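Spelled out, the chains give:
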Amino acid sequence: MSEVRTTAARERERRREVEYLTIGLGGFLGANARYLVGGWVTRLLGPAFPYGTFIINISGSFLLGALMAFASGRASLHPHSLLFFATGFLGAYTTFSTFTYESLRLVQEGNLHLALLYVLGSTAIGLIGAFLGFRLGEAL
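Values in this document were obtained by computation on a predicted structure and should not be read as measured data.

Some details on the pattern of salt bridges
Here is step 1: One pass over the full model with this rule turns up five salt bridges.
Here is step 2: With a shortest N-O distance of 3.5 Å, Arg 135 and Glu 138 are connected by a salt bridge. You can see Arg 135 and its partner Glu 138 sitting in helix 5 (residues 112–139), three residues apart, about one turn around the helix.
Here is step 3: If you follow the salt bridges from partner to partner, you end up with Glu 11, Arg 14 and Arg 15 in one network.

Quick look at the packing of helix 2 (residues 51–71) against helix 4 (residues 96–108)
Here is step 1: Two elements in contact, helix 2 and helix 4, have axes separated by 8 Å at closest approach and are oriented at 50°. When the axes of helix 2 and helix 4 are compared, the pair comes out oblique. Considering only the axes of helix 2 and helix 4, their crossing is right-handed. Packed against helix 2, whose contacting residues are Asn 57, Gly 60, Ser 61, Leu 64 and Met 68, the element helix 4 presents Phe 96, Ser 97, Thr 98, Thr 100 and Tyr 101 at the interface.
Here is step 2: Class assignment of the residues belonging to the contact of helix 2 with helix 4 gives a composition of four nonpolar, six polar and no charged.

The rules behind the values
- Residues numbered from 1 in each chain as written.
- Predicted model: local features only at pLDDT ≥ 70, side-chain atom pairs only at ≥ 80, totals over all residues.
- Heavy atoms only, no water.
- Salt bridge = Lys/Arg side-chain N within 4 Å of Asp/Glu carboxyl O.
- Helix = DSSP H or I, 4+ residues; strand = E, 2+ residues; numbered from the N terminus.
- Axes fitted to C-alpha atoms, helices over the stretch in contact; angles between N-to-C directions.
- Parallel < 35°, antiparallel > 145°, perpendicular 65-115°, else oblique.
- Left-handed = near helix turned anticlockwise from the far one by under 90°.
- Contact = heavy atoms within 4.5 Å.
- Nonpolar A, V, L, I, M, F, W, Y, C, P; charged D, E, K, R; others polar.

Next up, the structure:
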């Protein structure tokens, strides 16, 4: 019995390691894509407005929405593909895409109050957090 449990535990551990590597590889590529796209857009449109971040956030939101709609109900899609693309690549490319997708899901599920709380709360408290972090950084 102990040997069976040990084998099963090793298999779970191996699967978890593969998942982490899958997410890590996607994250590596997504972070580099963010850097490249952001730099390219800034060189193209100038630094007066954060166009690079804006375009990254919008394109990431679009890509995550398309990916999740495509993956919905497709049992033939390998589970690691979502870990690689959604969690890894798009998670590193922009977390804004996750925020907008989660907000959309709350609206689609009829949780309008929660969606509004999530959007406004994340924005307002995020701005407060950035402000406090900035002040802390100045004080150090």
